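# Structural overview for review
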Amino acid sequence: MIKECLQHNIMPFIIDHEHKLFYYRGLKEYRSEKGYLMDTCQSAQDRYEAQVDYFFPELRNSGHEPETHPGPNQSL
């Protein structure tokens, strides 16, 4: 999934063990409530971005950053 995110200029994300149950709930409830999955993935993107910024601060100003979150017409 990381490769797909990067190909579509979307910030990748990793669902860690701590947030796994929220991710599962988001998948289960996606047809009726898309917000659960979107919020979980966006939170994971924020954590991933913070880690990249910490370990690779030179990338912050490189101009080659993916979007933090997909737009309203993009899927995850």
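Look a little higher up for the structure.
What counts as what
- Residues numbered from 1 in each chain as written.
- Predicted model: local features only at pLDDT ≥ 70, side-chain atom pairs only at ≥ 80, totals over all residues.
- Heavy atoms only, no water.
- Helix = DSSP H or I, 4+ residues; strand = E, 2+ residues; numbered from the N terminus.
- Buried < 20%, exposed > 50% of the residue type's maximum accessible area, 1.4 Å probe, protein only.
- Contact = heavy atoms within 4.5 Å.
- Areas by Shrake-Rupley, 256 points an atom, 1.4 Å probe, with all protein chains shown as cover.
- Core = buried A, V, L, I, M, F, W, Y, C linked by side-chain atoms within 4.5 Å.
- Salt bridge = Lys/Arg side-chain N within 4 Å of Asp/Glu carboxyl O.
- Patch = residues over 30% accessible without salt bridge, like charges linked within 9 Å, V, L, I, M, F, W, Y side chains within 5 Å.

## Examining the overall build of the protein
Within the protein one finds three helices and zero strands. Each helix (α) and strand (β) of the protein, taken in turn from the N terminus, gives the series α-α-α. Going through the 76 residues of the protein one by one, you find that 21% of them count as buried. Across the protein, every contact between residues at least 6 apart in sequence was considered, and the portion connecting residues at least 24 apart equals 54%. Put simply, the protein shows about 5,800 Å² of open surface, and 55% of that area lies on carbon and sulfur atoms.

## Some remarks on the nonpolar core
Formed by Cys5, Ile10, Phe13, Tyr23, Leu37, Cys41 and Ala44, the largest nonpolar core amounts to seven residues. Ranked by residue count, the leading element in this core is helix 3 (residues 35-55), at three residues. Phe13 has contacts with Met1, Ile2, Cys5, Cys41, Ala44, Gln45 and Tyr48, leaving out every residue within four places of it along the chain.

## What to know about the pattern of salt bridges
Evaluation of the coordinates by the stated rule reveals one salt bridge. The residue Arg47 makes a salt bridge to Asp16 at a minimum N-O spacing of 3.9 Å. Pair noted here: Arg47 is in helix 3 and Asp16 is in the loop between helix 1 (2-7) and helix 2 (20-29), with a separation of 31 residues, a long-range link. Taking relative accessible area as the criterion, Arg47 reaches 24% and is therefore assigned partly exposed.

## Focus: the side chain of His19
In this fold, His19 is placed in the loop between helix 1 and helix 2. For His19, the contacting residues outside a window of four places in its chain are Thr40 and Arg47.

## As for a nonpolar patch on the surface
On the surface, Tyr54, Phe55, Phe56 and Leu59 cluster together to form a nonpolar patch covering roughly 490 Å² of accessible area. In this fold, Phe55 is placed in helix 3. By relative accessible area, which is 57% here, Phe55 ends up exposed.

## A look at unusual backbone geometry
Backbone geometry places Asn9, a non-glycine residue, at a positive phi of 55°. By secondary structure assignment, the location of Asn9 is in the loop between helix 1 and helix 2. What makes Asn9 partly exposed here is its relative accessible area of 36%.

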